[in-house]
Amino acid sequence: MSDRFIRWCRSAAGVTILLSILLAVIATIDRGPYILVNTAITGGMLALVAVGLALLLGVMNVASFVHGEYFMIGTLVAYYVFTPLQNFLNTNPSPLLAMVAPLIAILAAAVAGAAAGALTEIMVFAPMRRRSRENWVMNSFLLTVGLAVLLINGHLLIFGADFKGIVRYWAGAPVTIMDVFISRDRLFAFLLSIIVILAFWVFMKTTRTGRAIRAVSQDETGSLMVGINLSAILIFTMALGCSLAAVAGASLLFLYPSYPTVGLEALYMAWFIVILVGLGNIIGALTGGFMVALLKVLTVEYIGSGWDFVVPTALIILVLIFKPSGIFGSEVRGVLDQ
Amino acid sequence: MRRRFWTVIVAGILSIGLAAAPAAAVDKTLKVGVLGPFTGPSAKNGAEFKASVEMAMEKIDYKIGDYKIELVWIDSQSDPAKATSAYAEAVERMGIECAMQNWHSSVAVAAMDVAAQYKVPHWFGFGATEVVNEKWKADPEKYSYWGGKGWPIPAKMAVGYVECLDNAIEKGTWKPENKKVGIYGEDTDWGRSLGGALKQMFADKGWEIVSEDYFPITQTDFYPLLSKYKTAGVSVLAGTSTAAPTMTAFVKQAGEVGLKSVIIADGLGWMGDWYKMAGPASNGVLDMIPQLTTPEAKKWAEDIQAKYGFNPSPSAGGLCYDGTNMFIKILKRTLEKYGELNKENIHKIFVEEIHTGQLTFSKADGALIMNEYRYNADSVPDPVVGKDAYYFPVIQYTDGKGAIVYPDDWKEKDFEAKK
Amino acid sequence: MLLEVNNLNAGYGFLQILWDVSIEIDVGEFVCIVGPNGAGKSTTMKTIAGLITPSSGQILFKGEPIHGIGGHRVTRKGIAFVSEEMNLFTNMSVQENLLMGAYILDDKSLIQRRMNEIYDIFPRLGERKSQLAGTMSGGERKMLAIGRGLMSDPALLMVDEPSFGLAPQLTASVFDALETLVQGGLTILLVEQNVTKTLSVTHRGYVLENGRIGLAGKSADLACDPHVRKVFLGV
Amino acid sequence: MNAFDKLLRQLNLTPAGVLGLAVLAVLPFIPPFNQEYLIRWLIAAALIAAGAIAFDFTAGFINIVNFGFYAILGLGGYTSAILSVNVGLTPWIGVFIGAAAAGVLGFLTGLLTLRLRGIFAAVMAWFVGLALMGLATKMVWLTRGPLGLRTPRLFDTASNIPYYYLILLLMLVTYIICSRVVASKVGIAFKAIGQNMDAAKTSGINPTYYRIINFTLSCTLAGLLGGFYAHYYGILTPDIMHTSKTVEVLAVAYIGGRGSLWGGAAIAFPFILAMELVRSGLSNLPGLNLILYGLLLILVMIYYPGGFAKFFDAYIRHPKNRALNYFLNGASVRT
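These numbers come from a predicted model, not from an experiment.

1. What to know about the overall build of chain A
A tally of helices and strands in chain A yields 14 helices and 2 strands. Taken over C-alpha atoms, the radius of gyration comes to 20 Å for chain A, in line with the 20 Å a tight globule of 338 residues would show. In terms of principal-axis extent, the alpha carbons of chain A reach across some 60 × 50 × 35 Å. Counting only residues that meet the buried cut, chain A has 64% of its 338 residues in that class. Sequence separation of 24 or more characterises 77% of the internal contacts of chain A that already satisfy a separation of 6 or more. Put simply, chain A has 19 plus and 15 minus side-chain charges, and the middle of one group is 7 Å from the middle of the other.

Here is the structure:
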């Protein structure tokens, strides 16, 4: 056990994680506990989007450029579900409905995200897969680029460019943790991200379908040979990954109002994380969410706002020079080979 | 297969050629370009522009004398390069004789050259920053076609905030713990320009500038930044963003982290529907925004709400509406003086009557927002700034409604610090 | 007949590999396909397993056509395929791989029973239940691949090149295991390079050359056939 | 083979290509194209066309999508602009220094992405581009950030025609350089790397060397185009480095046909003109032109990944008629 621990500490992943923890501790002593709290909350949200992206990479071998748009769909659906509910509440106060209204909105977004994901697989990826699997990674990547352009401008054309936002999901004073005020929405978003990720984890580890998804990510032919319905699993995976992004978008509607390009930042951040830890590595994406969050928080704290884009990028480039397949290594063969 | 392919190609080329053929000119029609960000990140402003211009034109039934006005929408897409292309197209293909409005400074800088190149008089372009003025002043004759800006440089306006706060300290209505101020802003020409002006003014009045942060216009997570300000214990946070999600998120999250500072959020109220997103966290926030005080102004806002389904902002839609009406006045004057509406004559009026301060547009003419829009040789391209002319009062918000707290002779209530 | 392959034509894209291949296997038989490299042995198996869609021809399993229905449905009909590359789930443990083999089964007690049987046949797997498949040796992985194929309780097991890359001793133990399975009543279709060994354990055999069935018959007869001896055994 | 054919062969042009260029050359004098705004559109199209050639040189041959293409193009533009604004250097020299700067960054990006494959390298190039854009935004003292850098124009004239001929020339030069490299031994090595890195390695091709050559050249050309951009529009903002600009070139290059060089350039003119028409004609439906962009890219990727060039090769390139065949293929290609 201790041997394994020492070996882990000396691996790239171990070094980076330990270094991150050390940095976080130093910064917390230097500036105060809000650094830790902010990192934890931002990290949970980033992880949710990154895990979905990693899932698509790992299972479908799709390097998605359109993932942020499912985040956008999440914000859009949550807005159009929550706003009428809230208007109704304004005239007919009901504590129970006020409690569940945000949950209804987020659930609706989850369903819509899953439907959009499934449709994408059925209408776009499946036809492409049937036609040719040659140069798949690059072609599917370009396909997602086209899809992103389509969805962003489709939003603009149909729903307009205005910012569709809400004041908040939950009324009430902010919660205080370690002398830091945290709004209820933010706390809820954090808890939700943790719950969703845990549920996702349990699902992948223990259920038959979860195992089948992992099996497909490791060997597609092998999956067919044991009787897994590949196309069903691919549709399901796409729906699951997109649903995760939509849930993230919906639960963050108070922070990111819905507008056509709202998904871009989520996309950038998810890609940062996924590249940093290694393509398709789902555990890595979880950890990476928190590391990138820390990086962002520290950059704003010590260097200045606006640099939280430049500094993490530069660091990631540095990491990639030394560890081209990411700090956790990569589980995905296909992506690397092409 | 092959034949069909060529047919498609030929048909495509022909249709491009046909569609691109110059539109036939009709007598006694004046084509007026309206430059604005109708798509892209600032499309909301573009929508306010469009509604306001249409409202103003409907009032005169698109007629000036025996001229019929035809509007040509020029989409800047918030991109100087694309804006110049679209502008040139509007001049050549659509045959516009004059144009008005604009939102970004970067677009203004590029569009000024197009206006000068085609000698198209352009009226009331926003795009406030110094870079526009510097360019204008480098060659006043050439850029006289960029007739008059719709918004003066931030430095001329923003001093009101500092005066308002100092005034409150002097009177004893506010006792800050320290004189520390944090400057923030969106990382754009506008944000940096206003941020720089505020920094200078606060420093001149003996305030300590703790930090200066500019963030991407799309940023909406300010917890780390605001936590930093909280730790630093600043009494005032001063800055701006033109993007509604950014500005409202900033204000909302400042409330969430329990920041006790006075917040100056210049531009919070620019978007008509801001309160839907900012909520009660905006109580006590300072902004500098013209108010819809007169019954005509309130009627105008209701009309827009009824017709276009959004609540217009005085500073985007309202100023644009006034600018359009002033332009109508200019056109009428041109027709009266020269008997014909064309580029040259409109430009002559710019030079002879606007830039000399003869032709103005005031509340008496039907201005909704400012007392008087007036330009003179010293001020151009900016309008004259002053309480009797172009002036923004400082307002403080309570439950989404702004009340003027400065200048004293306009004030509707006293400045109140957060408890 | 358990499996009937009639006039099968198949290949990759424009490249046709199999020409009018016909094979028949009865219940309980141990049948092999032998042939030189590139003759189309693996392609035949992959086509039967549903991984390749034939351009023409028929594959009947228990009298039902199974060509073109998709790989996962073929498995559900009762055909297990152990490919040359094995296609194991390398980041899963031995036990998880076996569980995946039983993906099409719903009965938990049956799954448990099959797993115990497989640990009986391949005790090495039982010793390494929680080891990741990717970290095992070649012989162990071969056993795991066969074990995984058996988990689905198939009526027909197809094994492609079980001896490829294995030490002779390990090869022998794999063949022993296959013989035990046939004695237990399983039908097996085997593809092998090792012609002598293969013809000595199987009941019947097909000789595949350039994508066509050249010879067919009892394994013992094939082993004596002059052509086979010349081409494959170098005698 | 006569002298004309020999020259064409040297330049990797076909009679059809020459005719196309000739049409483009006289276009500004043929109504309706003799209007300044249409010439502006033509310039935009030619810029995209030249960009698509340089982009395809990387994407179509070594199979790496340079997602930071416009960021590197912007670097060239900024370098030249800053030199002319701050040092007073004439833009005619500045653009070459800008190109060199872009080439150096291309060299470094090539080095960075050396050990990375396919999509990794694309994302890495993307990050380089994002970092570059971040720097251009934050280094206000040098670039004036989002305020925009005003730049001197190349020609002191209001007419767009000189710019049009300059960008046509740049497009042609880009094409000739890229196609000559591709037709040489180096080009064969590129294709080998693009198709199968491991096989290329085992057959003695050093991927490091060729990848760096490819990146450096492609980025140098991009930098040159950036210089043109800077001194044509007269203003530079960090937006020039935005990913969406790269996407525009990418779409044109792939719809035109990867690995053909000429496909993107040929398709750029009708495509950009049509898009501009849609945009200006249907201005009450904002974003429709971009929706068509996305849709077309998706359809091409699913149903015809080879793009226009492949379609051309399959259905048009080899007509029975000998004169037509000569026209399409020149004397150098026998069928």
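2. A short note on the nonpolar core
Residues Trp271(A), Tyr87(B) and Phe202(B) are the most contacted members of the largest nonpolar core, which totals 390 residues. For Tyr87(B), the residues in contact, after removing those within four places along its chain, are Leu35(B), Ile74(B), Ile96(B), Ala99(B), Ala111(B), Val114(B), Ala115(B), Val120(B) and His122(B). Formed by 46 residues, the second largest nonpolar core is a distinct cluster that contains Ala80(C), Val159(C), Phe175(C) and Val201(C).

3. Section: the interface of chain A and chain C
With 19 residues of chain A at the interface, the matching set in chain C holds 23 residues. Both faces considered, chain A and chain C share a buried interface measuring about 1,900 Å² in area, 58% of it formed by carbon and sulfur atoms. Contact with chain C buries surface across chain A, with Arg208(A), Met225(A) and Val226(A) losing the most and accounting together for 35% of the total. Between Arg214(A) and Glu96(C) there is a salt bridge, and its shortest N-O distance comes to 3.0 Å. At the surface where chain A touches chain C, the tally comes to 11 residue pairs in polar contact (both at pLDDT 80 or more). Of all the secondary-structure elements, those providing two or more residues to the side of chain A that touches chain C are helix 8 (208-218), helix 9 (220-225) and helix 10 (230-251) of chain A.

4. As for empty space enclosed by the protein
Residues and elements named next belong to chain A. In the structure shown here, the tally under the stated rule is 10 cavities of 30 Å³ or more. As for the largest cavity, its lining consists of 16 residues, and the residues nearest its centre are Leu46, Leu252, Tyr256, Ala266 and Met269. No other element matches helix 11 (residues 263-277), which puts 5 residues into the lining of the largest cavity. Residue classes in the lining of the largest cavity are distributed as 12 nonpolar, 1 polar and 3 charged.

5. As for helix 9 (residues 185-195) of chain D
All names here are of chain D. Considered for burial, the residues of helix 9 that qualify are Gly187, Ala189, Phe190, Ile193 and Gly194. The buried residues of helix 9 occupy an angular sector of 155° when the element is viewed end-on, so they sit on one face. Pointing more than 90 degrees away from the buried face of helix 9 are the exposed residues Lys185, Ile188 and Gln195. Packed against the buried residues of helix 9 are helix 3 (36-59), helix 8 (161-183), helix 10 (197-202) and helix 11 (207-233).

6. Thoughts on the domain arrangement of chain C
By a frequent convention, interface size equals the accessible area lost on bringing the separate parts together. All names here are of chain C. With domains assigned, chain C is organised as domain 1 (1-78 + 155-162 + 171-235) and domain 2 (85-153). The straight-line distance from the C-alpha centre of domain 1 to that of domain 2 is 24 Å. Opposite the 12 residues of domain 1 that make contact, domain 2 presents 11 residues. Joining domain 1 to domain 2, the criterion identifies 1 residue pair in polar contact (both at pLDDT 80 or more). Put simply, the parts of the chain that give the side of domain 1 that touches domain 2 at least two residues each are helix 2 (71-77) and helix 7 (168-183). By residue number, the principal contributor to the side of domain 1 that touches domain 2 is helix 7, which donates 4 residues. Taken together, the residues that form the side of domain 1 that touches domain 2 break down as 7 nonpolar, 2 polar and 3 charged.

7. With respect to the side chain of His355(B)
Tracing the backbone shows His355(B) in the loop between helix 13 (343-354) and strand 12 (361-362). Once residues lying within four places of it in the same chain are set aside, the contact partners of His355(B) are Trp136(B), Ser144(B), Gly147(B), Phe350(B), Asn376(B), Ala377(B) and Val380(B).

8. What to know about the sheet that holds strand 5 (residues 122-125) of chain B
Residue and element names in this part refer to chain B. With mixed pairing, 6 strands are arranged side by side in an open sheet as 2-3-1-4-5-6. Looking at which strands have only one partner, the edges of the open sheet turn out to be strand 2 (63-64) and strand 6 (146-149). Where strand 5 and strand 6 come together, 3 bridges link them in parallel fashion. Residue Trp123 lies in a different strand from strand 6, and its bridge partner there is Gly148. Packing against the sheet, helix 4 (residues 105-118) makes contact with strand 1 (29-36), strand 5 and strand 6, and its axis sits at approximately 150° to strand 6.

9. Quick word on the sheet that holds strand 2 (residues 15-25) of chain C
Residue and element names in this part refer to chain C. Strand order in this open sheet of 4 strands is 2-1-4-5, and the pairing throughout is antiparallel. At either end of the open sheet lies a strand with only one pairing partner, and these are strand 2 and strand 5 (64-65). The pairing of strand 4 (residues 56-61) with strand 5 spans 2 bridges and is classified as antiparallel. Directly across from Phe61, in strand 5, lies its bridge partner Glu64.

10. As for the pairing of strand 8 (residues 208-215) of chain B
Residues and elements named next belong to chain B. Bridge analysis of strand 7 (residues 180-186) against strand 8 gives 7 bridges, and the strand direction is parallel. If you follow Tyr184 over to strand 8, its bridge partner there is Asp213. Once you follow strand 7 into helix 7 (residues 189-204) and on to strand 8, the crossover reads as right-handed.

11. Re a nonpolar patch on the surface
Residues and elements named next belong to chain A. A cluster of nonpolar side chains, namely Phe5, Ile6, Trp8, Leu18, Ile21, Val25 and Ile29, defines an oily patch on the protein surface of about 670 Å² accessible area. Residue contributions to the nonpolar patch peak at 4 residues, all from helix 2 (residues 12-31). Tracing the chain through its elements places Ile29 in helix 2.

12. As for the interface of chain A and chain D
Counting residues at the interface gives 46 residues for chain A, matched by 42 residues for chain D. Three residues stand out in chain A for area buried against chain D, namely Met138(A), Leu142(A) and Leu157(A), and they jointly supply 15% of the buried area on that side. On the surface where chain A and chain D come into contact, there are 0 salt bridges. Going through the elements one at a time, helix 5 (95-131), helix 6 (136-159), helix 11, helix 13 (310-322) and helix 14 (333-337) of chain A are the ones with two or more residues in the side of chain A that touches chain D. Of the residues forming the side of chain A that touches chain D, the biggest block, 15 residues, is contributed by helix 6 of chain A. Across the side of chain A that touches chain D, the residue classes break down as 34 nonpolar, 10 polar and 2 charged.

13. Some remarks on the arrangement of the chains
Contacts are most numerous between chains A and D, taken over all 4 pairs of chains that touch. Between chain B and chain C there is no contact, and the shortest C-alpha to C-alpha distance separating them is 23 Å. Where chain C comes nearest to chain D, the C-alpha atoms are still 17 Å apart, and the two do not contact one another.

14. Description of the pattern of salt bridges
One pass over the structure, following the stated rule, counts 37 salt bridges over all chains. Linking Glu121(A) and Arg129(A) is a salt bridge whose minimum nitrogen-to-oxygen distance equals 2.7 Å. The buried category is assigned to Glu121(A), whose relative accessible area is 1%. Between Glu29(C) and Arg204(C) there is a salt bridge; the shortest N-O distance is 2.6 Å. Of this pair, Glu29(C) sits in the loop between strand 2 and strand 3 (30-34) while Arg204(C) is found in strand 9 (residues 204-209), placing the two residues 175 residues apart along the sequence. Exposure remark for Glu29(C): the relative accessible area of 15% places this residue in the buried category.

15. Some remarks on the pairing of strand 14 (residues 394-398) of chain B
All names here are of chain B. Counted residue by residue, strand 14 has 4 buried out of 5 residues, so it is predominantly covered. One ladder, built from 5 bridges, connects strand 14 with strand 15 (residues 401-406); its direction is antiparallel. Bridge pairing links Val394 to Tyr406 in strand 15. Here strand 14 folds back onto strand 15, and the loop between the two strands holds 2 residues, one of which, Asp399, carries a positive phi near 50°.

16. Some points on the side chain of Lys343(B)
Among the structural elements, Lys343(B) can be located in helix 13. Other than its neighbours up to four places away in sequence, Lys343(B) contacts Val91(B), Ile96(B), Glu97(B), Tyr118(B), Lys119(B), Val120(B) and Pro121(B).

17. Section: the state of the cysteines
Summed over the entire model, instances satisfying the criterion amount to 0 disulfides over all chains. Free cysteine Cys32(C): the closest other cysteine sulfur is in Cys224(C), separated by 14 Å. Judged by relative accessible area, Cys32(C) falls into the buried class, the value being 0%. Considering cysteine sulfurs only, Cys219(D) is the nearest to Cys178(D), which forms no disulfide, with 11 Å between them. Residue class for Cys178(D) comes out buried when judged on its relative accessible area of 0%.

18. Let's talk about the packing of helix 7 (residues 184-206) of chain A against helix 10 of chain A
Residue and element names in this part refer to chain A. The contact between helix 7 and helix 10 brings their axes to 10 Å, and the two run at 165°. With respect to helix 10, the axis of helix 7 lies roughly antiparallel. The two elements helix 7 and helix 10 cross, and the hand of that crossing is right-handed. In this structure, helix 7 uses Ala189, Leu192, Val196, Phe200 and Phe203 to contact helix 10, whose residues at the interface are Phe236, Leu240, Leu244, Val247 and Ser251. The class makeup of the residues in the contact of helix 7 with helix 10 is 9 nonpolar, 1 polar and no charged.

How each quantity is defined
- Residues numbered from 1 in each chain as written.
- Chains lettered and ligands numbered in written order.
- Predicted model: local features only at pLDDT ≥ 70, side-chain atom pairs only at ≥ 80, totals over all residues.
- Heavy atoms only, no water.
- Helix = DSSP H or I, 4+ residues; strand = E, 2+ residues; numbered from the N terminus.
- Rg over C-alpha atoms; globule rule 2.2 N^0.38 Å.
- Buried < 20%, exposed > 50% of the residue type's maximum accessible area, 1.4 Å probe, protein only.
- Contact = heavy atoms within 4.5 Å.
- Lys, Arg positive; Asp, Glu negative; His and termini not counted.
- Charge placed at Lys NZ, Arg CZ, Asp CG, Glu CD.
- Core = buried A, V, L, I, M, F, W, Y, C linked by side-chain atoms within 4.5 Å.
- Buried area = accessible area lost by both parts, 1.4 Å probe.
- Salt bridge = Lys/Arg side-chain N within 4 Å of Asp/Glu carboxyl O.
- Polar contact = N/O pair within 3.5 Å; in protein donor to acceptor, adjacent residues only side chain to side chain.
- 1 Å grid on protein atoms, 1.4 Å probe; cavity = no way out; pocket = protein on both sides within 12 Å on 5 of 7 lines; lining within 4 Å.
- Points joined across faces, edges and corners; volume = space filled by probe spheres on them.
- Nonpolar A, V, L, I, M, F, W, Y, C, P; charged D, E, K, R; others polar.
- Arc of directions from axis to C-beta.
- Domains from an automatic or database assignment.
- Pairing = 2+ DSSP bridges.
- Axes fitted to C-alpha atoms, helices over the stretch in contact; angles between N-to-C directions.
- Right-handed = clockwise from strand over helix to strand, strands pointing away.
- Patch = residues over 30% accessible without salt bridge, like charges linked within 9 Å, V, L, I, M, F, W, Y side chains within 5 Å.
- Areas by Shrake-Rupley, 256 points an atom, 1.4 Å probe, with all protein chains shown as cover.
- Disulfide = S-S within 2.5 Å.
- Parallel < 35°, antiparallel > 145°, perpendicular 65-115°, else oblique.
- Left-handed = near helix turned anticlockwise from the far one by under 90°.

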